[in-house]
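As a plain string of letters, each chain reads:
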Amino acid sequence: MSLMHINGADLFVEEFGTGDPVIFTHALFFNGRMYERQIERIAARYRCITVDWRGMGRSGKPLGGYDVDNLCHDVIGVADRLGLDRFHWVGMSVGGVTGIRIAAQMPQRIRSLAIGGASAEAEPIEKVVKYEKLLLDGFAQDPASVVDGLLPILYGEPFRTDPARADVLARERQLILSNDGPAVARASAPILRRVDIRHMLPHVGSPTYVFCGALDGANPPEKSRTIAAGISGSLFEVFDGVGHQPNVEAPELLADRLLAHLDRVSGGAP
C-alpha cells in the first residue's frame, strides 16, 4: 500500500495478488476497501489494484480537480506509474462512469469492463438540487445528521432490515461517517453535475459486464440497462433484492460474477 502523487493529488493505492491486472474504482462515500469480499477471492488469480478517489478514503484532499475527466486522468496516471499498458476495470457508480469514458477514449488501455450501478446520463436538475442540499448543506457540516437518510439510497431494504446483517450495516454506516464531510461534498459536486456520455457507449469495444441491484436507490436498473444496450455485446444482470451496494449486499454472488467475467476475457481459470 502506498500514497502516489499523481496529477496533483496524493492517491492511496493498494495491491493484492498476482496475474492479469484489475483496477477497482469505488463509489461516492467509500474507498477501495468496499471490494474486500470480492478481492479475497479474485486475488487468488488476478493482480487486484484499488485506488481511492481524490478527496475520499485515504487519499489526499486537494481543493480541486474533481471533475470526472480528471478522475480518469488520476487512474491512468496510477496505471502508468505501475507500468500497466492494459488492464481490466471494475467500477461501481462513479467508478463505472469513469470506466466508460476511458474505454471509449483510450480503448487500447482497457481489456475489459465491469460496471455496477452506474449511469451514463446527466442527472436531472431536480435530483442535483436534492442531492446537493443533502451533501453541501448536510454532509459537509455534520455527516451524522444525514447518514440515516443516505442509507435507503445506498442499500436495499432486505439488507437494511435483516437482523443477521445488522453488524455489517453498522460497519457500512461507520465507513460513511469516517469520511471528511467537506472533502466528500467538494468531490461530489462535479460528479453530480457530470455531462451525458451516452454518445460514448457505442465506442466501447471492450468485453463488458453491466450489473446492478433491482432496488438501487441511486441509479435504478433502467440506467444500467441503457448502458448495456449501448455497448455492443455486453452482458447485463440485475441482482434481485439488492440495492446500490451489491459488494456488501450480495458479496459472494458479485465475486462469482466478476470472476466469471474476468475468466471469460482472460481465457478461463488457471
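Look above for the structure.
Note that the structure is predicted; figures quoted are calculated from it, not measured.

Rules of the game
- Residues numbered from 1 in each chain as written.
- Predicted model: local features only at pLDDT ≥ 70, side-chain atom pairs only at ≥ 80, totals over all residues.
- Heavy atoms only, no water.
- 1 Å grid on protein atoms, 1.4 Å probe; cavity = no way out; pocket = protein on both sides within 12 Å on 5 of 7 lines; lining within 4 Å.
- Points joined across faces, edges and corners; volume = space filled by probe spheres on them.
- Helix = DSSP H or I, 4+ residues; strand = E, 2+ residues; numbered from the N terminus.
- Nonpolar A, V, L, I, M, F, W, Y, C, P; charged D, E, K, R; others polar.
- Buried < 20%, exposed > 50% of the residue type's maximum accessible area, 1.4 Å probe, protein only.
- Contact = heavy atoms within 4.5 Å.
- Polar contact = N/O pair within 3.5 Å; in protein donor to acceptor, adjacent residues only side chain to side chain.
- Expected span 1.5 Å × (residues − 1).
- Salt bridge = Lys/Arg side-chain N within 4 Å of Asp/Glu carboxyl O.

A. Just the layout of surface pockets, in detail. In this structure, the largest pocket encloses a volume near 170 Å³. Along its surface, the largest pocket is lined by 13 residues, and Arg 37, Val 168, Arg 171, Glu 172 and Val 248 are the ones closest to its centre. Secondary structure elements with two or more residues in the lining of the largest pocket: helix 1 (36-42), helix 7 (166-177) and helix 10 (246-249). Residue contributions to the lining of the largest pocket peak at 4 residues, all from helix 7. For the lining of the largest pocket, the residue count by class is 5 nonpolar, 2 polar and 6 charged.

B. Main features of helix 5 (residues 143-154). Within the sequence span of helix 5, burial applies to Pro 143, Val 146, Val 147, Leu 150, Leu 151, Ile 153 and Leu 154. Turning to helix 5, the residues buried within the fold contact helix 4 (125-139), helix 6 (157-160), helix 7, helix 8 (181-192) and helix 10.

C. Spatial organisation of empty space enclosed by the protein. If you walk through the whole model with that rule in mind, you get 1 cavity of 30 Å³ or more. Counted as a void, the largest cavity has a volume near 310 Å³. Secondary structure elements with two or more residues in the lining of the largest cavity: helix 3 (94-105), helix 4, helix 5 and helix 8. A per-element tally of the lining of the largest cavity places helix 4 first, with 4 residues. For the lining of the largest cavity, the per-class residue count stands at 14 nonpolar, 4 polar and 3 charged.

D. Spatial organisation of the side chain of Thr 208. With respect to the helices and strands, Thr 208 occurs in strand 7 (residues 208-213). Thr 208 gets classed as buried once you look at its relative accessible area, which sits at 4%. A polar side-chain atom of Thr 208 sits 2.8 Å from the main-chain carbonyl oxygen of Ser 206. The contacts of Thr 208, once residues within four sequence positions are left out, are Leu 113, Ile 115, Ile 231, Ser 234, Leu 235 and His 261.

E. Local environment of helix 3. For helix 3, spanning 12 residues, the distance from its first C-alpha to its last is 17 Å, which sits close to the expected 16 Å at 1.5 Å a residue. Judged by how many residues are buried, helix 3 sits mostly within the fold: 11 of 12 residues are covered. Every buried residue belonging to helix 3 is among Val 94, Gly 95, Gly 96, Val 97, Thr 98, Gly 99, Ile 100, Arg 101, Ile 102, Ala 103 and Ala 104, and all of these are buried. Among the structural elements, strand 3 (21-25), helix 2 (68-81), strand 5 (87-92), strand 6 (110-116), helix 8 and helix 9 (221-230) are those in contact with the buried residues of helix 3.

F. Structural detail: unusual backbone geometry. In this structure, Asn 7 is a non-glycine residue whose phi angle is positive, near 55°. With respect to the element layout, Asn 7 can be found in the loop between strand 1 (2-6) and strand 2 (9-16). Even without being glycine, Ser 93 reaches a positive phi, approximately 60°. Mapped onto the secondary structure, Ser 93 falls in the loop between strand 5 and helix 3.

G. Main features of the environment of Leu 177. If you trace the backbone, Leu 177 turns up in helix 7. The spacing of Leu 177 and Phe 239 is 62 residues in sequence and 27 Å in space, taken between C-alpha atoms. Those residues in contact with Leu 177 that lie beyond four places of it in its chain are Pro 143, Ala 144 and Val 147.

H. A look at the pattern of salt bridges. Under the definition given, this model contains 22 salt bridges. With a shortest N-O distance of 2.7 Å, Asp 74 and Arg 54 are connected by a salt bridge. Separated by 20 residues along the polypeptide, Asp 74 in helix 2 and Arg 54 in the loop between strand 4 (47-51) and helix 2 bring together distant segments of the chain. Residue class for Arg 54 comes out buried when judged on its relative accessible area of 2%. In the salt-bridge network here, residues are joined through shared partners; they are Arg 37, Arg 41, Glu 252 and Asp 256.

The quantities given are spatial measurements derived from coordinates; they are silent on function.
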